[in-house]
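# Observations on the three-dimensional arrangement
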Amino acid sequence: RAACRRALSGANNLSLGSPARAIREFEGDARMSIPMSAPSLQADEPCDPFMAGLTFHHAPVSGKDAADVHEYVKAMQRAGAVVTPQHDARVTHVVLSKTGPAGSEDEALYKAAGRAGSRVVSWFWIQECLKARELVSVDDSVLFRPLPSLEGLPEMRGLKICVTGYTGDRRAELITIIGLLGAEYMRSLDRRS
């Protein structure tokens, strides 16, 4: 158990848990698709197998996200999951950052997962499960399902949104949602903004 806690300790340092970091991430790049703080894996011992019996497949990832995905996959395997490069009948969950645009590889995988009965989840869901060390409900957050596009929703572009009355993790989650949906997060609203 101690090894599991050490191996997954990085999952507690979520980008969602740090409002300042979430704000910086979306001021810099509102198209973040994979949470930037993959779990730290320092121990080689297996964890409690809360993902045992689950088989995951994810779309190919390249660039700066590849290292984070690699760390998530290692943490998932330590938690008992099987991660396979092929989407086949064994796959229980497909991990996607987005489900489109039309005609894309992501859309094809999203549709294939639906036909096969695989649950489609986002990397944010993986992150939260690793943090909690248990499977959390996909319905607990809009972030736990992939978005149609990393470009945000056309209806949200040009909107400026301020978040008041929330602190901590919930505030950071709302800021992340605002950025992913394509709106602009404002620290404060005034007549000039």
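Everything numeric in this text was worked out from a predicted model, so none of it was measured.

## Description of helix α6 (residues 168-181)
Between its terminal C-alpha atoms α6 stretches 20 Å, which fits the 20 Å expected from 14 residues at 1.5 Å a residue. Burial runs high along α6: 11 of the 14 residues are buried. At the exit of α6 stands Gly182, carrying a positive phi of roughly 100°.

## Focus: the confidence of the model for the protein
Taken as a whole, the protein shows an average pLDDT of 79; of its residues, 75% reach a score of 70 or greater. Per-element confidence in the protein is highest for strand β2 (residues 82-83), whose mean pLDDT is 97, and lowest for helix α2 (residues 19-28), whose mean pLDDT is 35. Low confidence marks residues 1-32, where pLDDT is under 50. Its contacts with residues over four positions away, or in another chain, come to 81 contacts.

## Overview of the sheet that holds β2
Read from one edge to the other, the open sheet built from four strands follows the order β2-β1-β3-β4, with strand pairing classed as parallel. Where the open sheet ends on each side, the last strands, each with one partner, are β2 and β4 (119-121). Here three bridges tie strand β3 (residues 93-95) to β4, and the two strands are oriented parallel to one another. Paired with Val95 across the bridge in β4 is Val121.

## A word on the packing of helix α3 (residues 65-78) against helix α5 (residues 123-132)
Interhelical geometry of α3 versus α5 gives an angle of 45° and a closest axis separation of 11 Å. With respect to α5, the element α3 is oriented oblique. The crossing of α3 and α5 is left-handed. Each of Val69, Tyr72, Ala75 and Met76 in α3 lies in contact with α5, whose residues at this interface are Trp123, Ile126, Gln127 and Leu130.

## A short note on the nonpolar core
Residues Met51, Phe56, Met76, Trp125 and Ile126 are the most contacted members of the largest nonpolar core, which totals 35 residues. When near neighbours in sequence (up to four residues on either side) are disregarded, Ile126 contacts Phe56, Tyr72, Met76 and Val95. Membership of the second largest hydrophobic core comes to seven residues, among which are Ala59, Val91, Val94 and Leu96.

## Notes on empty space enclosed by the protein
All chains considered together, the criterion is met by two cavities of 30 Å³ or more. Looking at the second largest cavity, its volume works out to about 30 Å³. In terms of lining residues, the second largest cavity is bounded by Leu147, Pro148, Ser149, Gly152, Leu153, Leu180 and Leu181. In terms of residue class, the lining of the second largest cavity is built from five nonpolar, two polar and no charged.

## So, the pairing of strand β1 (residues 55-58)
In the case of a regular strand, side chains alternate between the two sheet surfaces. Where β1 meets β2, two bridges bridge the pair, whose relative direction is parallel. Among the inter-strand pairings, Thr55 is bridged to a residue of β2, identified as Val82. Note on the crossover from β1 through α3 to β2: the handedness is right-handed.

## Some words on the pattern of salt bridges
Two side chains bearing opposite charge may form a pair once their charged atoms approach each other closely. Inspection of the entire model under this criterion finds seven salt bridges. The residue Arg145 makes a salt bridge to Asp139 at a minimum N-O spacing of 2.2 Å. The partly exposed category is assigned to Arg145, whose relative accessible area is 38%. Put simply, Glu173 and Arg170 hold a salt bridge, and the shortest N to O gap is 2.7 Å. Of this pair, Glu173 and Arg170 both sit in helix α6, three residues apart, which is roughly one turn of that helix. Overall, the relative accessible area of 15% leaves Glu173 in the buried class.

Conventions used here
- Residues numbered from 1 in each chain as written.
- Predicted model: local features only at pLDDT ≥ 70, side-chain atom pairs only at ≥ 80, totals over all residues.
- Heavy atoms only, no water.
- Helix = DSSP H or I, 4+ residues; strand = E, 2+ residues; numbered from the N terminus.
- Expected span 1.5 Å × (residues − 1).
- Buried < 20%, exposed > 50% of the residue type's maximum accessible area, 1.4 Å probe, protein only.
- pLDDT = per-residue confidence, 0-100.
- Contact = heavy atoms within 4.5 Å.
- Pairing = 2+ DSSP bridges.
- Axes fitted to C-alpha atoms, helices over the stretch in contact; angles between N-to-C directions.
- Parallel < 35°, antiparallel > 145°, perpendicular 65-115°, else oblique.
- Left-handed = near helix turned anticlockwise from the far one by under 90°.
- Core = buried A, V, L, I, M, F, W, Y, C linked by side-chain atoms within 4.5 Å.
- 1 Å grid on protein atoms, 1.4 Å probe; cavity = no way out; pocket = protein on both sides within 12 Å on 5 of 7 lines; lining within 4 Å.
- Points joined across faces, edges and corners; volume = space filled by probe spheres on them.
- Nonpolar A, V, L, I, M, F, W, Y, C, P; charged D, E, K, R; others polar.
- Right-handed = clockwise from strand over helix to strand, strands pointing away.
- Salt bridge = Lys/Arg side-chain N within 4 Å of Asp/Glu carboxyl O.

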